[in-house]
Amino acid sequence: MAGWQVGIDIGGTFTDIVAARGAEFRTAKVPSRLADPVGSIFAALEAIGIEPAGIADLVHGTTRVTNAIVEGRLEPVTLLATAGFEDVIEIGRQSRKDLYRLEVPPKPAPLVPSGRRIPVAERMAHDGSILRPLTDIDAAVDAALATGARSIAVMLLHSYANPAHEAALAERLRGRVPYLSLSHQVNPEAREYERCVATVLNAAVMPLAAEYLARLRAELPARVQLHVMHSAGGMASPEAAAERPLLMALSGPAAGVAAAAVVARETGEAALLSFDMGGTTTDVALILDGRAEITLDAKLADQPLRQPMVAIESIGAGGGSIVQHGPGGLSVGPRSAGAEPGPACYGRGGTAPTVCDANAILGYLNPRRRLGGTITLDTARAAAAFAPLADRLGLPVVELALGVLRVADATMARALNKITVERGVDGRGATLLAFGGMGPMHAAGLAATYGIRRVLVPHASSAFSALGCVAAEMSYTRQRTLRLPGEDFDAARLAEARAALLDELAAPLLAQGVAREALAVEETGLIRYRGQSYAVDVPLPGPVDGAGLGLAFEERHRALFGFASGEAWEMLGLRLCVAAPRRMDLAAPTGEAVPPGPFATDPCWFTPDGPVPTPRYERAGLAPPHRIAGPAIIEDDWSTILVPPGWSATARPGGHILLLREDA
């Protein structure tokens, strides 16, 4: 019998697992062991009754690299940089983090102290020509090794145009230092400050990522194919991830967005907003025409990453987010109760009021259901956690809980604004795709706050990011600076760069046994008017000439910004994504159309006026064309879909649930 295809996503509160083998499908959640992530993986496998020897392919999403950067748990790094540019990492961009708050540090502290910044006598021009040959290489290498750092980053000026000097330094350093990060491999683009930070961050998380992946590989049977999710929404080999661990900076959230894009294509949703609300954070992303936006401008801990990543807006508001009251009124997050002790209603020692506790107080969570077979909800403990704050504000506990949900929904609506309004998109006409442990419970409230009328809750919504791991393609994405002027456009140089980048990205896929003819290639030109700081993405359908590319750029610029000036333009760079398609049907088998009946009816609060009798339905019992009018609750072992008054829920093919406002 064929082995299991397994996807595992380790979050800040829970570790989700999905396993598929033929028609068999299993899913579960276990509390994350943040100090022992490998233990989380094996606990998840045990929860669904699968032995490691039965796995054919395991794809893993993790926030381990993200957390290390955010929390500052970084390996000391020594930096080798072109003489005169070794202090770029401290000079930065000369822009303040907060313009009007002088007590806030203007920018982050440099990632490398001055004592470990080593100048290298060399100089390249922006076109790759050598202005000053690499001299005294032994002195630079000896000085770097004398610092005793296990990780060394090499960032030479304009090495993206000609990496010869970086390659020469790397040849002398390999075998003498465990971890080596080269800027022409991490970020082969102009902008020396951003490239320097990305190269140093890559070096700083290398030991953590390499040792973690090595341990995981050692504890899994040799026959198991292991892959990790990367931040552009595909999966990569552990060897590639160990060399460029910065690829994993948004590994877990990207898996959910990748699965959301598949659902958008399968259901024909032209505009979709993915809404992933877990226990610790909420992640939102915009998907247009079945494709998630890719950005290179993402930051973590105020540091530029300069890696191709799914454009995700992440906020510290989840089910475990702690409710606080300060000068600005009520707020939720970013502090979280996490998996241990968790919200007060879990009965594991938590005493702080959380968003999850508010849902329990209002009757939305089922106190008779053991979440995942392990956690029994205690509504009395939730009310006790809210009581001190309610007394201080002079409010009934129920009214405070309703207010907390409104604050949470408003906080998440602001995140939606960042990926829609701030990018010139009216998100009110989009469909909200709600997943994660808490997403389906808050989806209708968030939609009403934002003005959205359609919500889609996908199959396996509580473990959707893990499902995205299973369904992901193996892919690699890279961006490179070219600087090709529109006049006298050098099509031959573009073709040469495309071919070189294709060979580079295809190599690890071919090494995994993928046939070259099976590779899917997506090419994007980065074009700007001369003098602009940033470029816009223009798809490259095939062979291009300057005139056709200029017209495509003007059309794209007009669509994004409402105008096109006709001025001189240049192709700043090229981005390629090379993938080995690996499709798995995300839809669940359609059940029998038996009219559903509630298994219980409980009082739930939707306004302070009083509780409303609200029927509860098993999600597994719904199949097209079943329709349920709100108020109602649809639940499974790990997720609750809230259908408020004025909304309805309809079962759709593939196990999805569509929520509609009655006036939609």
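Use the structure listed above.
This write-up is about the structure you can find in this document.

Conventions and cut-offs
- Residues numbered from 1 in each chain as written.
- Predicted model: local features only at pLDDT ≥ 70, side-chain atom pairs only at ≥ 80, totals over all residues.
- Heavy atoms only, no water.
- Helix = DSSP H or I, 4+ residues; strand = E, 2+ residues; numbered from the N terminus.
- Rg over C-alpha atoms; globule rule 2.2 N^0.38 Å.
- Buried < 20%, exposed > 50% of the residue type's maximum accessible area, 1.4 Å probe, protein only.
- Contact = heavy atoms within 4.5 Å.
- Areas by Shrake-Rupley, 256 points an atom, 1.4 Å probe, with all protein chains shown as cover.
- Lys, Arg positive; Asp, Glu negative; His and termini not counted.
- Charge placed at Lys NZ, Arg CZ, Asp CG, Glu CD.
- Core = buried A, V, L, I, M, F, W, Y, C linked by side-chain atoms within 4.5 Å.
- Pairing = 2+ DSSP bridges.
- Salt bridge = Lys/Arg side-chain N within 4 Å of Asp/Glu carboxyl O.
- Axes fitted to C-alpha atoms, helices over the stretch in contact; angles between N-to-C directions.
- 1 Å grid on protein atoms, 1.4 Å probe; cavity = no way out; pocket = protein on both sides within 12 Å on 5 of 7 lines; lining within 4 Å.
- Points joined across faces, edges and corners; volume = space filled by probe spheres on them.
- Nonpolar A, V, L, I, M, F, W, Y, C, P; charged D, E, K, R; others polar.
- Patch = residues over 30% accessible without salt bridge, like charges linked within 9 Å, V, L, I, M, F, W, Y side chains within 5 Å.
- Expected span 1.5 Å × (residues − 1).
- Bend = angle between axes of the 7 residues up to and from the residue.

## Some remarks on the overall build of the chain
Looking only at helices and strands, the chain features 16 helices and 37 strands. In terms of C-alpha radius of gyration, the chain reaches 26 Å, essentially the compact-globule figure of 26 Å for 664 residues. For the chain, the spread of C-alpha atoms along the principal axes amounts to about 80 × 60 × 50 Å. Counting the 664 residues in the chain, one finds 56% classified as buried. Residue pairs at least 24 apart in sequence account for 67% of intrachain contacts in the chain once pairs closer than 6 positions are excluded. When the accessible surface of the chain is summed, it comes to about 26,600 Å², and 53% of that surface belongs to carbon and sulfur atoms. Across the chain, the centroid of the 61 positively charged side chains sits 2 Å from that of the 71 negatively charged ones.

## Things to note about helix α1 (residues 37-47)
Counting buried residues in α1 gives eight out of 11 residues, a clear majority hidden from the surface. Buried within α1 are the following residues: Pro37, Val38, Gly39, Ser40, Ile41, Ala43, Ala44 and Leu45. Tucked into the core, α1 has its buried residues touching β1 (4-10), β2 (14-21), β3 (24-31), β4 (55-62), α2 (64-71) and α7 (192-219).

## With respect to the nonpolar core
Grouped together as the largest cluster of nonpolar side chains are 68 residues, with contacts concentrated most on Phe275, Tyr364, Leu432, Val455, Ile634 and Ile657. It is helix α12 (residues 397-419) that contributes the most residues to this core, 12 residues altogether. Beyond its immediate sequence surroundings of up to four residues, isoleucine 657 is in contact with Val455, Leu456, Val457, Arg619, Leu622, Ile634, Ile641, Ala649, Thr650 and Ala651. Residues Ala19, Ala28, Ala153 and Met248 belong to the second largest nonpolar core, which totals 56 residues.

## Here we look at the pairing of β2
Within β2, eight of the eight residues are buried, which leaves the element mostly enclosed by the surrounding structure. Of the two faces of β2, both are covered, the one formed by Phe14, Asp16, Val18 and Ala20 as well as the one formed by Thr15, Ile17, Ala19 and Arg21. As judged from the six bridges shared by β1 and β2, these two strands associate in the antiparallel manner. Looking at β2, one finds that isoleucine 8 is bridged to isoleucine 17. Strand direction decides the pairing type here: β2 and β3, joined by eight bridges, are antiparallel.

## Observations concerning the pattern of salt bridges
All told, the structure shown has 30 salt bridges when counted by the stated rule. Ionic pairing is found between glutamate 522 and arginine 291, a salt bridge with its closest N-O pair at 3.2 Å. With glutamate 522 in strand β28 (residues 520-529) and arginine 291 in strand β15 (residues 291-292), the pair connects residues that are 231 residues apart, well separated along the chain. The class of glutamate 522 is partly exposed, set by a relative accessible area of 37%. Exposure remark for arginine 291: the relative accessible area of 51% places this residue in the exposed category. For the salt bridge of aspartate 602 with arginine 616, the shortest nitrogen-to-oxygen distance reads 2.5 Å. Highlighted residues: aspartate 602 in strand β31 (residues 600-605) and arginine 616 in strand β32 (residues 611-618), separated in sequence by 14 residues. The exposure classification of aspartate 602 matches that of arginine 616, with both residues buried. Residues participating in the shared-partner salt-bridge network are Arg368, Arg369, Asp602, Arg616, Glu618 and Glu635.

## Points about the sheet that holds strand β10 (residues 179-182)
Spatial strand order, β6-β5-β9-β10: four strands in an open sheet with parallel pairing. Both edges of this open sheet fall to β6 (117-120) and β10, since each of them pairs with a single strand only. Strand-to-strand twist across the sheet, computed as the mean angle between neighbouring axes with direction ignored, equals 20°. Where helix α4 (residues 137-146) meets the sheet, it contacts β5 (77-82), β6 and β9 (151-155), and its direction lies at approximately 175° from that of β6.

## Some details on empty space enclosed by the protein
Applying the stated criterion to the full structure yields two cavities of 30 Å³ or more. Its volume calculated, the largest cavity comes out at about 60 Å³. Every residue along the wall of the largest cavity is listed here: His230, Ala232, Ala236, Arg244, Leu247, Pro308, Ser475, Tyr476 and Thr477. When residues in the lining of the largest cavity are grouped by element, the largest group, three residues, is from strand β27 (residues 474-485). Split into classes, the residues belonging to the lining of the largest cavity amount to five nonpolar, three polar and one charged. By volume, the second largest cavity is sized at about 30 Å³. Val186, Asn187, Pro188, Glu189, Arg244, Leu296, Arg306, Gln307, Pro308, Arg478 and Gln479 are the residues that line the second largest cavity. Residue classes in the lining of the second largest cavity are distributed as four nonpolar, three polar and four charged.

## With respect to the pairing of strand β37 (residues 657-661)
Looking at chain direction, strand β26 (residues 454-457) and β37 are connected through four bridges and run antiparallel. Bridge pairing in β37 links valine 455 to leucine 659. Bridge analysis of strand β36 (residues 647-651) against β37 gives five bridges, and the strand direction is antiparallel. Within the sheet, the bridge partner assigned to serine 648 lies in β37 and is leucine 660.

## Here we look at the environment of leucine 45
Within the secondary structure, leucine 45 sits in helix α1. Separated by 493 residues in sequence, leucine 45 and valine 538 place their C-alpha atoms 43 Å apart. If near-sequence neighbours (up to four positions away) are discounted, leucine 45 is found in contact with Val6, Ile17, Ile50, Pro52 and Ile55.

## Focus: unusual backbone geometry
In the segment running from proline 624 into proline 625, the intervening peptide bond is cis, with an omega of 5°. In this fold, proline 625 is placed in the loop between β32 and β33 (627-629). With an omega of 5°, the peptide bond between glycine 630 and proline 631 qualifies as cis. Positive phi outside glycine occurs at arginine 191, with the angle close to 80°. Locating arginine 191 in the fold gives a position in the loop between α6 (183-186) and α7. Even without a glycine there, the phi angle at alanine 460 is positive, about 55°.

## Here we look at a nonpolar patch on the surface
Residues Leu560, Phe561 and Phe563 make up a contiguous nonpolar surface patch of about 290 Å² in total accessible area. For leucine 560, a relative accessible area of 35% translates into the label partly exposed.

## Description of helix α15 (residues 491-511)
For an α-helix the count is 3.6 residues per turn, leaving residues at separations of three or four pointing the same way. Compared with the 30 Å implied by 1.5 Å per residue over 21 residues, the 30 Å span of α15 between its first and last C-alpha is a close match. For α15, the principal kink sits at leucine 505 and spans about 30°; a proline, proline 508, occurs within the next four residues. Of all the residues in α15, the buried ones are Leu494, Ala497, Arg498, Leu501, Leu505, Ala506 and Leu509. Of the surrounding secondary structure, the elements contacted by the buried residues of α15 are β27, β28 and β30 (569-580). Among the residues trailing α15, glycine 513 stands out with phi positive, at a value near 95°.

## Some points on the sheet that holds strand β34 (residues 632-635)
Read from one edge of the open sheet, four strands run β31-β32-β34-β35, paired in mixed fashion. Edge positions in the sheet fall to β31 and β35 (640-643), since each has one partner strand and no second. Taken pair by pair, the neighbouring strands of this sheet meet at an average axis angle of 30°, ignoring direction. When β32 meets β34, the two strands line up parallel, connected through three bridges. For tyrosine 617, the partnering residue across the bridge sits in β34 and is isoleucine 634.

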